[in-house]
Amino acid sequence: MARSGFFTGLDIGTSTIKVLVAEFIGGEMNVIGVSKVKSAGVKDGIIVDIDVAAGAIKTAVEQAEEKAGVSIDKVNVALPANHLQIESTQGMIPVPSETKEIRDEDVDSVVKSALTKSVTPEREVITLIPEEFIIDGFQGIKDPRGMMGIRLEMRGILYTGPSTILHNLRKAVEKAGIALENIVISPLAMAQTVLNEGEREFGATVIDMGGGQTTVASMRNQELQYTNIYAEGGDYVTKDISKVLKTSRDIAEALKFNFGNADVDASSTTETVQVDVVGETSPIDVSERYLSEIISARVRHILERVKQDLDRGRVLDMPGGVVLSGGGAILPGVVELAEKIFRTTVKLYIPNQVGIRNPMFANVISLVEYVGNMTEVEAIAQNAVHNEELLRRKPIDMTTTYTVAPVQPVTPQSHMSTETRVVEPPVPTEEKINDKPKFGDRMRNIFGSMFD
Ligand SMILES: Nc1ncnc2c1ncn2[C@@H]1O[C@H](COP(=O)(O)OP(=O)(O)O)[C@@H](O)[C@H]1O
Ligand SMILES: [Mg+2]
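A quick note: this is a predicted structure, and the numbers were derived from the prediction, not measured.

1. A few points about the overall build of the chain
1) Next: A tally of helices and strands in the chain yields 11 helices and 19 strands.
2) Next: Out of the 452 residues belonging to the chain, those deemed buried represent 55%.
3) Next: Taking all contacts inside the chain whose residues are at least 6 apart in sequence as the whole, residues at least 24 apart take part in 68%.
4) Next: With an accessible surface of roughly 19,700 Å², the chain has 52% of that area assigned to carbon and sulfur atoms.

Listed below in structure tokens is the structure:
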């Protein structure tokens, strides 16, 4: 059931922080204000300096307030997939005998009963998405409220993240003077917005090319199947141009925007552009072909690493192919290069809302759409998670006992290569454990592992 009202999204990207205010009327989203400021205090998608990040968030929110003409007191925040873990969970409660008719409170209780497992002290539950409810053995119920029963069960997916990352995120938003409404898992929201119904059902992959990182999310049977993060994006292209041509970052960025093409075959062999370089008294001529070779090497490097992992998970043969988004995908030739590398259909996602027809806004749009389209049951579950986590974080309230499961190893990001070389061989990723865990006790490490 679609919600109505105002929703604000805050997307703390590696390159830019975006804020979007939208009004939902009967499920229709109308964008009323958007802002974009340079990111600060963020590294590899994670807040590393709370005060600096808070300052940038505050500026972005103020600009969005001005554009939208409304005051923003709470925001929904996108959480990148870094160090995310997913596991199946189940809960069960007896329906109180005085009612027997299932109410909001019972949904809240059954969600809470599913939260008590496997949360290690250094992790937190970000969200729980109910998949189905079971009343007295009858399965497949999406919304049990109003139904009669004695025993209410729920199967769902639990998303957890490191407490440090979540703490820094909350603290930065709080220091910016705004309340946090919901934390939304970015690749989950992206897949909902960027892919259409058919693509989500039959399978497709979203590649979000940000400034400092590239996020991959594959969806099939309406479920997130796979996600991975690569610490490279559009800003690395700029750095490469700057290093190779010995020119400033600003000039390199301008060259990329105005003359760049990731597809060498499509670049001009005759056109040249004059570039100011360090150590030369007069500008030098750089051919568009040479510029394209520099750009293409980095984009190819990113996409080939992605392909290697997608091949391993046999996700590339999914009928929906690949959909690109993010500012890094705006560059001409990226789609064409991706087609050559992935050998599947590739398209660029361009939002269709007026004023934000730019792939850079895909993240923040998807976040707001996700929140606006949350079902009532999902909202109850999210609220239950939030309240339970508040209790858990307050030492004096730790009367509830939590089962502490053994620490689940996080697959290291073996391919977290940093800037520098333009052409470097892709670092092989570790072999992924591809066991067939059973429902109920499987712990899915979202990094590079395929979900069964
Ligand atoms: N018109 C454009 N042409 C080429 N690259 C662009 C363009 N606009 C933005 N970019 C690149 O997009 C990247 C930022 O994308 P974005 O999705 O906002 O990243 P993030 O979400 O990580 O902050 C930067 O590397 C920037 O250079
Ligand atoms: Mg982004």
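And the narrative resumes.
2. Considering the pairing of strand 15 (residues 272-275)
1) Next: The two faces of strand 15 differ: Val 273 and Val 275 on one face are buried, but Thr 272 and Gln 274 on the other face are not.
2) Next: When strand 15 meets strand 16 (residues 284-287), the two strands line up antiparallel, connected through 4 bridges. Directly across from Val 273, in strand 16, lies its bridge partner Val 286.

3. Quick look at the pattern of salt bridges
A side chain of one charge can pair with a side chain of the opposite charge if their charged atoms are brought near each other.
1) Next: The full count for this structure, using the stated rule, is 25 salt bridges.
2) Next: We note a salt bridge from Asp 143 to Arg 145, for which the minimum N-O separation is 2.8 Å.
3) Next: On the basis of relative accessible area, Asp 143 is assigned to the partly exposed category, the value being 29%.
4) Next: For Arg 145, a relative accessible area of 22% gives the class partly exposed.
5) Next: Lys 307 serves as the salt-bridge partner of Asp 311, at 2.6 Å between the closest nitrogen and oxygen. Taken together, the positions of Asp 311 and Lys 307, both in helix 8 (residues 288-312) and 4 residues apart, correspond to about one turn of that helix.
6) Next: Using a relative accessible area of 17% as the deciding quantity, one classes Lys 307 as buried.
7) Next: Several salt bridges share partner residues, and in doing so they unite Asp 104, Asp 143, Arg 145 and Glu 376 into one network.

4. Thoughts on the packing of helix 4 (residues 186-194) against helix 10 (residues 362-372)
If you want to describe how two helices pack, look at the angle between their axes and the distance between the axes.
1) Next: Helix 10 packs onto helix 4 with a crossing angle of 90° between their chain directions and a minimal axis gap of 8 Å. Of the possible angle classes, the one that applies to helix 4 and helix 10 is roughly perpendicular. On the side of helix 4, the interface is formed by Ser 186, Leu 188, Ala 189, Met 190, Gln 192, Thr 193 and Val 194, while helix 10 contributes Ala 362, Asn 363, Ile 365, Ser 366, Leu 367, Glu 369 and Tyr 370.

5. Notes on the site of ligand 1
1) Next: Ligand 1 sits among 18 residues. The nearest are Thr 14, Lys 18, Asp 235, Glu 253 and Lys 256.
2) Next: Gly 327 has a polar backbone atom sitting 2.8 Å from an oxygen atom of ligand 1.
3) Next: Considering ligand 1 on its own, with 570 Å² of exposed area, one finds that the protein chains cover 90% of that surface.
4) Next: Mapped onto the shell around ligand 1, the elements with two or more residues apiece are strand 2 (16-25), helix 6 (234-245) and helix 7 (249-259).
5) Next: Top element by residues in the shell around ligand 1 is helix 7. It accounts for 3 residues.
6) Next: Class assignment for the residues of the shell around ligand 1 results in 4 nonpolar, 10 polar and 4 charged.

6. Topic: the packing of aromatic side chains
1) Next: Per the counting criterion, the structure on display carries 1 aromatic pair.
2) Next: Considering the side-chain rings of Phe 7 and Phe 24, the 5.6 Å spacing of their centres and the 80° angle between planes classify their relative orientation as edge-to-face. Taken together, the residues span a long stretch of sequence, with Phe 7 in strand 1 (residues 5-12) and Phe 24 in strand 2 at a distance of 17 residues. Judged on exposure class, the residue Phe 7 and its partner Phe 24 are both buried.
3) Next: A cation over a ring is seen here: Lys 239 above Tyr 236, with NZ or CZ 4.3 Å from the ring centre.

7. So, the sheet that holds strand 14 (residues 223-230)
1) Next: With mixed pairing, the 5 strands of this open sheet are ordered in space as 14-13-12-17-18. On the outer flanks of this sheet lie strand 14 and strand 18 (346-348), each paired with one strand and no other. The average angle at which neighbouring strand axes cross in this sheet is 20°, direction not considered.
2) Next: Sheet analysis places strand 13 (residues 214-220) next to strand 14, joined by 7 bridges and oriented antiparallel. Following the sheet pairing, Met 219 is matched in strand 14 by Leu 224.
3) Next: Contacts from helix 4 reach strand 12 (204-209), strand 13, strand 14 and strand 17 (322-325) within the one sheet, and its direction differs from that of strand 12 by about 115°.

8. As for unusual backbone geometry
As a rule of thumb, non-glycine residues mostly have phi less than zero, and peptide bonds are mostly trans rather than cis.
1) Next: Of note, Asp 44 is a non-glycine position whose phi angle comes to about 50°, a positive value.
2) Next: Residue placement: Asp 44 occurs in the loop between strand 4 (42-43) and strand 5 (46-47).
3) Next: In this model, Arg 343 sits at a positive phi of 50°, which is unusual for a non-glycine residue.
4) Next: Here Arg 343 lies in the loop between helix 9 (334-342) and strand 18.

9. With respect to the nonpolar core
1) Next: Among the nonpolar cores identified, the biggest contains 69 residues, and Leu 10, Ile 12, Leu 20 and Ile 57 are the most heavily contacted of them.
2) Next: Setting aside residues no more than four positions away along its own chain, Ile 12 makes contact with Ile 17, Val 42, Ile 47, Ile 57, Val 77 and Leu 169.
3) Next: Ranked by size, the runner-up nonpolar core spans 37 residues in total, among them Tyr 230, Val 237, Val 286 and Val 299.

10. Overview of the side chain of Ser 296
1) Next: Topologically, Ser 296 is positioned in helix 8.
2) Next: Apart from residues no more than four positions distant in its own chain, Ser 296 is found in contact with Ala 262, Val 264 and Leu 337.

11. Structural notes on the sheet that holds strand 2
1) Next: Spatially, 3-2-1-6-11 is the arrangement adopted by the 5 strands of the open sheet, whose pairing is mixed. Because the sheet does not close on itself, it has two edges, and the strands there are strand 3 (28-38) and strand 11 (179-185). Neighbouring strand axes in the sheet, compared pairwise and without regard to direction, differ in orientation by 25° on average.
2) Next: Across 6 bridges, the pairing between strand 6 (residues 74-79) and strand 11 is parallel. Directly across from Lys 74, in strand 11, lies its bridge partner Ala 179.

What counts and what doesn't
- Residues numbered from 1 in each chain as written.
- Chains lettered and ligands numbered in written order.
- Predicted model: local features only at pLDDT ≥ 70, side-chain atom pairs only at ≥ 80, totals over all residues.
- Heavy atoms only, no water.
- Helix = DSSP H or I, 4+ residues; strand = E, 2+ residues; numbered from the N terminus.
- Buried < 20%, exposed > 50% of the residue type's maximum accessible area, 1.4 Å probe, protein only.
- Contact = heavy atoms within 4.5 Å.
- Areas by Shrake-Rupley, 256 points an atom, 1.4 Å probe, with all protein chains shown as cover.
- Pairing = 2+ DSSP bridges.
- Salt bridge = Lys/Arg side-chain N within 4 Å of Asp/Glu carboxyl O.
- Axes fitted to C-alpha atoms, helices over the stretch in contact; angles between N-to-C directions.
- Parallel < 35°, antiparallel > 145°, perpendicular 65-115°, else oblique.
- Near = heavy atom within 4 Å.
- Polar contact = N/O pair within 3.5 Å; in protein donor to acceptor, adjacent residues only side chain to side chain.
- Nonpolar A, V, L, I, M, F, W, Y, C, P; charged D, E, K, R; others polar.
- Phe/Tyr/Trp six-rings, centres within 6.5 Å; stacked < 30°, edge-to-face > 60°.
- Lys NZ or Arg CZ within 6 Å of the ring centre and 35° of its normal.
- Core = buried A, V, L, I, M, F, W, Y, C linked by side-chain atoms within 4.5 Å.

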